[in-house]
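# Architecture and fold: a report
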Amino acid sequence: MHLVMLWARFEAAVLPVEWLYSMGRASARTLFLWSPGIRRGLLANARRLLGPQASRVELERHSRRVLEGFSRFFVELLTAPNTYPTQDAFLARVEGLDHAKAAYERGQGVVGISLHMGNMELGPMLLEGLVQPMAVVYRKDPFGLVEAMRSRARTDHGLEEIDTSSPFFGVTVLEVLRRGGFAFALGDVGFEEGLGKGELYPFLGGQARFLEWPARLARASGAPLLPCFVLRDERGDYFARIEPPIEPEGEVREITSRLVAVFERFVRRYPDQWLILHSYWEGEAA
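This one's a predicted model, so the numbers in the text were calculated from it and none came from an experiment.

Criteria and cut-off values
- Residue indices begin from 1 for each chain and proceed along its sequence in written order.
- In keeping with the predicted nature of the model, local features appear solely for residues at pLDDT of at least 70, side-chain atom pairs appear and are counted solely at 80 or more, and the whole-chain, interface and lining totals rest on all residues.
- The side-chain numbers reported here are obtained from all heavy atoms of the structure, hydrogens and water having been left aside.
- Only protein chains enter the calculation, and the probe is 1.4 Å; a residue is then buried if its accessible area is under 20% of its type maximum, exposed if over 50%, and partly exposed in between.
- Strands here mean DSSP runs of E at least two residues long; helices mean DSSP runs of H or I at least four residues long; both are numbered from the N terminus.
- Pairing between strands requires that DSSP locate at least two bridges from one strand to the other.
- To estimate the expected span of a helix, count its residues, drop one, and scale the result by 1.5 Å.
- In this context, the arc is that of the directions from the helix axis out to the C-beta atoms.
- Note on geometry: axes are lines fitted to C-alpha atoms, helical ones only across the stretch in contact, with angles between N-to-C directions running from 0 to 180 degrees.
- Should an angle lie under 35 degrees it is considered roughly parallel, over 145 roughly antiparallel, and from 65 to 115 roughly perpendicular; all remaining angles are considered oblique.
- Any two residues whose heavy atoms approach within 4.5 Å at even a single point are treated as in contact.
- For this scheme, ten residues count as nonpolar: Ala, Val, Leu, Ile, Met, Phe, Trp, Tyr, Cys and Pro. Four count as charged, namely Asp, Glu, Lys and Arg, and the remainder, Gly too, count as polar.

## Comments concerning the pairing of strand β9 (residues 238-242)
Of all five residues making up β9, four are buried, and the element is well covered by its neighbours. Where strand β1 (residues 94-95) meets β9, two bridges bridge the pair, whose relative direction is parallel. Across the sheet, Val94 pairs through a bridge with Ala240, a residue of β9. For strand β8 (residues 225-232) and β9, the ladder comprises five bridges, and the chain directions are antiparallel. The residue of β9 that forms the bridge with Val230 is Ala240.

Put into structure tokens, the structure is as follows:
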């Protein structure tokens, strides 16, 4: 794996980024053709997202676009920070900064929460230095190459990493929040979390699993949950949307339900930027 990482970084250093994007798109199309498990998962999700009226051609086109979006995310991790916008350019394309400012000024820390959508690594990297401490709460990716690349990128940007596989990760997150910091996490259940994790919630007409620990830690600390998403426009340029904070009031399930309602709006609006490759809804054929 170390040699693969070195070779990938060598390619990123010598090849034009547009070539890397093209290679990534070609690899995504090949993976769709030759990986039945991934293809079944993508098509199952596409049926839910596009509806029963969608044709097989439309389902496959959507599925390939999701894979191509993942390949772009992979290339950007590999070439970071060269393919990322500057902090000033990024902040100019953030809508809802007033929500972030209001949440942060309360002094109880902020739990930033997003999905496996767009480029979920980009926001914390480009906000580093504006908020301290800044931590990314994550589960290690089962693909060592992806994990090595994203860990390197986070470290280069001075971000603290908190791995949820540790039985004491919650204590570490609470310490970040008590210092008035920003803890960023993903609320959907990615492949790295393992199937069957999270709790079932109504989601786009079915039942799907979402993580409840962000709401638990928000309740324990008093920190609001701040939904935030980094997305691509039609030209492929990134922009960000920050939603109003969700107050940690009520039971954990009630708080998480309000968060899942926000997730539902964004997945409905940007379905091909939701980079989930496994069948996500409970009880649906993959």
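## Observations regarding helix α2 (residues 17-34)
Three- or four-residue spacings in an α-helix give side chains the same orientation, since the helix completes a turn every 3.6 residues. With 18 residues, α2 should cover 26 Å at 1.5 Å per step; its first-to-last C-alpha distance of 25 Å lies within 8% of that length. Among all positions in α2, only Leu20, Tyr21, Gly24, Ala28 and Phe32 are buried. Looking straight down α2, one finds that the buried residues subtend no more than 115° of arc, so they occupy a single side. Residues Trp19, Leu33 and Trp34 are exposed on α2 and point more than 90 degrees away from its buried face.

## Points about the packing of α2 against helix α3 (residues 36-50)
Where α2 meets α3, the axes come as close as 6 Å, and the angle between the chain directions of the two elements is 95°. The pairing of α2 with α3 is recorded here as roughly perpendicular in orientation. For the pair α2 and α3, contact is made by Leu31, Phe32, Leu33 and Trp34 and by Pro36, Ile38, Arg39, Leu42 and Leu43, respectively. For the contact of α2 with α3, a count of residues per class yields eight nonpolar, no polar and one charged.

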